[in-house]
Amino acid sequence: MTTIRDLITEKSLKLRDVEKLGPVIAAQELVELSSLLSSLNAEIADTQFALNQKRSELLVEAKSVARARLLAESTPEWKNWFDRVMQRDALLELIRAIKYYLRAMKDEMTESVY
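Residues numbered from 1 in each chain as written. Predicted model: local features only at pLDDT ≥ 70, side-chain atom pairs only at ≥ 80, totals over all residues. Heavy atoms only, no water.

## Notes on the overall build of the chain
As a reminder of what qualifies: The helix and strand labels rest on DSSP assignments: H or I over at least four residues marks a helix, E over at least two residues marks a strand, and numbering proceeds from the N terminus. Computation of the radius of gyration draws on C-alpha atoms alone. For the globule rule, the value is 2.2 Å times the number of residues to the power 0.38. Think of it in three bands: with a 1.4 Å probe and only protein chains considered, a residue is buried below 20% of the maximum accessible area for its type, exposed above 50%, and partly exposed in between. We call two residues contacting when some pair of their heavy atoms lies within 4.5 Å. The method behind every accessible area is Shrake-Rupley, applied with a 1.4 Å probe, and residues are considered shielded solely by the protein chains displayed. His is not counted, nor are the chain ends; Lys and Arg add positive charge and Asp and Glu add negative charge. Every charge is mapped onto a representative atom, which is NZ of Lys, CZ of Arg, CG of Asp or CD of Glu.
Tallying secondary structure elements over the chain gives four helices and zero strands in all. Starting at the N terminus, the α and β elements of the chain follow one another as α-α-α-α. For a compact globule of 114 residues, the expected C-alpha radius of gyration is about 13 Å, and the chain comes in at 20 Å, more than 25% above that figure. A burial count over the chain gives 30% of its 114 residues as buried. A separation threshold of at least 6 residues defines the contact pool for the chain, and within that pool the share at least 24 residues apart is 71%. Total accessible area on the chain is roughly 8000 Å²; 57% of this is exposed by carbon and sulfur atoms. Of the side-chain charges in the chain, 17 are positive and 18 negative, and the distance between the mean point of each set is 5 Å.

## Examining the packing of helix H1 (residues 4-15) against helix H4 (residues 76-113)
Convention followed: Between N-to-C directions, angles span 0 to 180 degrees; the directions come from axes that are lines fitted to C-alpha atoms, helices contributing only their stretch in contact. An angle below 35 degrees is treated as roughly parallel, one above 145 as roughly antiparallel, one from 65 to 115 as roughly perpendicular, and anything else as oblique. In this scheme the crossing of two helices becomes right-handed for a clockwise turn of the near helix relative to the far one and left-handed for an anticlockwise turn of less than a right angle.
Where H1 contacts H4, the axes come no closer than 11 Å and their chain directions differ by 25°. Between H1 and H4, the angle is such that the two are roughly parallel. Judged by the sense of rotation from one axis to the other, the crossing of H1 with H4 is left-handed. For the pair H1 and H4, contact is made by Ile-4, Arg-5, Ile-8, Ser-12 and Leu-15 and by Asp-83, Gln-87, Leu-91, Leu-94 and Ile-98, respectively.

## What about the packing of aromatic side chains?
To keep things clear, this is the line we draw: Side-chain rings of Phe, Tyr and Trp (the six-membered ring for Trp) are treated as a pair once their centres are within 6.5 Å; stacked means planes under 30 degrees apart, edge-to-face means over 60, and tilted covers the remaining angles.
Inspection of the entire model under this criterion finds three aromatic pairs. Measuring from centroid to centroid gives 4.7 Å for Trp-78 and Phe-82, while their planes differ by 10°, and the two rings are stacked. Taken together, the residues Trp-78 and Phe-82, both in helix H4 and four residues apart, mark about one turn of the helix. For Phe-82, a relative accessible area of 31% translates into the label partly exposed. By way of ring pairs, the aromatic residues Trp-78, Trp-81 and Phe-82 are connected into one cluster.

## Some thoughts on the confidence of the model for the chain
Close inspection of predicted coordinates is inappropriate in any region flagged by low pLDDT. Applicable threshold: A score between 0 and 100, pLDDT records how confident the predictor is in each residue.
Mean pLDDT for the chain: 92, with 99% of residues reaching 70 or above. Of all secondary-structure elements in the chain, the lowest mean pLDDT belongs to H1, at 90, while helix H2 (residues 18-62) reaches the highest, 94.

## Points about the pattern of salt bridges
Basically, it comes down to this: Definition used for salt bridges: Asp or Glu carboxyl oxygen within 4 Å of a side-chain nitrogen of Lys or Arg.
The full count for this structure, using the stated rule, is nine salt bridges. In this structure, the salt-bridge partner of Glu-32 is Lys-11, at a minimum N-O distance of 2.2 Å. Within this pair, whereas Glu-32 is found in helix H2, its partner Lys-11 is found in helix H1, the two being separated by 21 residues in sequence. Glu-32 sits in the partly exposed class, given a relative accessible area of 40%. We classify Lys-11 as buried; its relative accessible area is 11%. Between Glu-73 and Arg-69 there is a salt bridge, and its shortest N-O distance comes to 3.2 Å. Each of Lys-11, Lys-14, Glu-29 and Glu-32 takes part in one network of salt bridges that share partners.

Structural data, given as C-alpha cells:
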C-alpha cells in the first residue's frame, strides 16, 4: 500500500522538472496535491487525538505539565503526529511552488500577447 509520504516523495520528484511538464499537467498535479493535503489533514487530526489521549494519561502519572509534555514527545504517538505535520509542511511547499510556476506562466503568456 502506498503511503501519503510515498505519494509526496513521488510528486516532489516529478515536479522537479516542472518546465518539462507544462502548465496543464502542473495544474492537474496541483489538484492532486490539494486532494492529498485534505487526506493528510484528516490523518493529522486522528494522530493529534491519539497524542492528546496519551498526554492526558501521562499528565496523571507525571503530575506536572512540563514533565508530561517531555514524556509525550518520546512516544510513538508524538512521532506519528510530528511526521505528518512535517509531511504537511512539505506538501504545502509543493503546492506553493506549483502556484508560483502557474502564475509566472500566466504572466508570461499575458506579456507575450502584447
